[in-house]
Amino acid sequence: MNTNIWLIQAKTNLHVGNENTSNYGLIDKAIQRDPLTQIPCINSSSLKGALNEFCTNGKNEQSMPDVDRLAVFGSDKNDKKGSKSTKGKAIFYDAKLLFLPMQTNDANLFKYVTSSKVIDLFNDRVKSLGSGFQLKKDETVLKNVCQLCRDVEINDEEFTMLCGDDNLPIIARNKLDDGTSANLWYEQVLPAETILYAVIQEPKKDTLKQYISDQLIQIGANATIGYGYCKFTNLNK
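Because the structure is predicted, anything quoted here is derived from the model rather than measured.

Some words on the overall build of the protein chain
Stage number 1. A tally of regular secondary structure across the protein chain gives 6 helices and 11 strands.
Stage number 2. At 19 Å, the protein chain has a C-alpha radius of gyration in line with the 18 Å of a compact globule built from 237 residues.
Stage number 3. For the C-alpha atoms alone, the extent of the protein chain along its principal axes is close to 55 × 50 × 35 Å.
Stage number 4. Per-residue burial over the protein chain gives 43% buried out of 237 residues.
Stage number 5. Once local pairs closer than 6 in sequence are excluded, the contacts in the protein chain between residues at least 24 apart make up 64%.
Stage number 6. For the protein chain, the exposed surface amounts to about 13100 Å²; the carbon and sulfur share of it is 47%.
Stage number 7. In the protein chain, which carries 28 positive and 29 negative side-chain charges, the distance between the mean positions of the two groups comes to 9 Å.

Printed below as a string of structure tokens:
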């Protein structure tokens, strides 16, 4: 299997909703989180679905050929053409949080914050999946290797704080009926410039790489109001 590591940089606010939990506090629609660490993530099924949608519809009307798309993602069980259901050959893993932007009081506007434990989990994860790529716990190296536009700070306490419900942005949404509020709800998001990483494995050839590298791909809810537009960068190149 060819193992590719992808950086996923949110260029707009990102909401990939967790439909498996009930919320009784301020947040009506929470984001997905790792069930063990409670760090924000994107579940593999959500990631695969977004990439399949992009490769089906393409960019500038240039979509992935069906033979390649079916090999990567498998066939759609709801395919109106009635084709036989087949299993995709690629393996998609959950996208994990790597860097969170944090506001600063200088001309840079924000910096990136990560945790030493998150870097350890990154290195252990990609190694166990057959990649020799590793990140060093060095702020300058992290900035250069991950091609970041801002400085990086490794701070376990700040990172944990930023991941909490009290510090992630919550946006009020409202449905109006003749100017009167008909449905007010509060939606949690990962802020623009958040960076996650994902591992995707493909047999024999890197079909996905030629279609999604450096592309802006929409993930999650609220595409029509600009949510979830993310740039995919391959770390293997």
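There is more to say, and it comes next.
Examining helix α1 (residues 44-57)
Stage number 1. With 14 residues, α1 should reach 20 Å at 1.5 Å per residue; the first-to-last C-alpha distance of 20 Å fits that figure.
Stage number 2. If you check which residues of α1 are buried, you get Leu47, Ala50, Leu51, Phe54 and Cys55. Down the axis, α1 shows its buried residues gathered within 130° of arc, on one side only.
Stage number 3. Once α1 finishes, glycine 58 follows within two positions and takes phi at roughly 70°, a positive value.

Observations regarding the packing of aromatic side chains
Stage number 1. Summed over the entire model, instances satisfying the criterion amount to 6 aromatic pairs.
Stage number 2. Relative to phenylalanine 133, the ring of phenylalanine 122 has its centre 6.2 Å away and its plane inclined at 70°; by these criteria the two rings are edge-to-face. One end of the pair, phenylalanine 122, is in helix α3 (residues 116-128); the other, phenylalanine 133, is in the loop between α3 and α4 (139-145), with 11 residues separating them in the sequence.
Stage number 3. By relative accessible area, phenylalanine 122 is classed as buried at 0%.
Stage number 4. An aromatic cluster of at least three residues, connected via ring pairs, comprises Phe99, Phe110 and Tyr112.
Stage number 5. Sitting over the ring of phenylalanine 110, arginine 150 keeps its end group 4.6 Å from the ring centre.

A closer look at empty space enclosed by the protein
Over the atoms, a rolled probe matching the size of one water molecule traces out where space is still vacant.
Stage number 1. Inspection of every chain in the model, using the stated rule, returns 1 cavity of 30 Å³ or more.
Stage number 2. Size it by volume and the largest cavity reaches roughly 40 Å³.
Stage number 3. Surrounding the largest cavity, Leu14, Val16, Ile31, Gln32, Cys41, Ile42 and Leu190 form its lining.

Considering the nonpolar core
Stage number 1. Counting 58 residues, the largest nonpolar core has Ile219 and Phe232 as its most contacted members.
Stage number 2. Among all residues touching isoleucine 219, those that are not within four sequence positions of it are Ile8, Leu14, Val16, Ile42, Leu47, Ala50, Gly228, Cys230 and Phe232.

Comments concerning the side chain of asparagine 123
Stage number 1. Its place among the elements puts asparagine 123 in helix α3.
Stage number 2. The class for asparagine 123 is buried, based on a relative accessible area of 11%.
Stage number 3. Here asparagine 123 is in contact with Gln134 and Leu135, once residues within four sequence places are set aside.

Side note on α3
Stage number 1. The end-to-end C-alpha separation of α3 is 18 Å, in line with the 18 Å expected for 13 residues at 1.5 Å each.
Stage number 2. Where α3 is concerned, the buried positions are Ser116, Val118, Ile119, Phe122, Asn123, Arg125 and Val126.
Stage number 3. For α3, the N-terminal cap is serine 115; the gap from its side-chain oxygen to the backbone nitrogen of lysine 117 is 3.1 Å.
Stage number 4. Downstream of α3 by a residue or two, glycine 130 has a phi angle that is positive, lying close to 95°.

Describing the side chain of glutamine 32
Stage number 1. As for its placement among the helices and strands, glutamine 32 is situated in the loop between β1 (2-10) and β2 (41-42).
Stage number 2. Residue classification places glutamine 32 among the buried positions, given a relative accessible area of 6%.
Stage number 3. For glutamine 32, the side chain forms a polar contact with the main-chain oxygen of glycine 17, separated by 3.2 Å.
Stage number 4. In terms of polar contacts, glutamine 32 uses its side chain to reach the backbone amide nitrogen of asparagine 43, at 2.7 Å.

Things to note about the environment of isoleucine 31
Stage number 1. Tracing the backbone through its elements, the reader meets isoleucine 31 in the loop between β1 and β2.
Stage number 2. Isoleucine 31 gets classed as buried once you look at its relative accessible area, which sits at 5%.
Stage number 3. Sequence-distant contacts of isoleucine 31, defined by excluding residues within four places in its chain, comprise Leu14, His15, Val16, Gly17, Asn18, Pro40, Leu168, Gln188, Val189 and Leu190.

Parameters and conventions
Residues numbered from 1 in each chain as written. Predicted model: local features only at pLDDT ≥ 70, side-chain atom pairs only at ≥ 80, totals over all residues. Heavy atoms only, no water. Helix = DSSP H or I, 4+ residues; strand = E, 2+ residues; numbered from the N terminus. Rg over C-alpha atoms; globule rule 2.2 N^0.38 Å. Buried < 20%, exposed > 50% of the residue type's maximum accessible area, 1.4 Å probe, protein only. Contact = heavy atoms within 4.5 Å. Areas by Shrake-Rupley, 256 points an atom, 1.4 Å probe, with all protein chains shown as cover. Lys, Arg positive; Asp, Glu negative; His and termini not counted. Charge placed at Lys NZ, Arg CZ, Asp CG, Glu CD. Expected span 1.5 Å × (residues − 1). Arc of directions from axis to C-beta. Phe/Tyr/Trp six-rings, centres within 6.5 Å; stacked < 30°, edge-to-face > 60°. Lys NZ or Arg CZ within 6 Å of the ring centre and 35° of its normal. 1 Å grid on protein atoms, 1.4 Å probe; cavity = no way out; pocket = protein on both sides within 12 Å on 5 of 7 lines; lining within 4 Å. Points joined across faces, edges and corners; volume = space filled by probe spheres on them. Core = buried A, V, L, I, M, F, W, Y, C linked by side-chain atoms within 4.5 Å. Polar contact = N/O pair within 3.5 Å; in protein donor to acceptor, adjacent residues only side chain to side chain.

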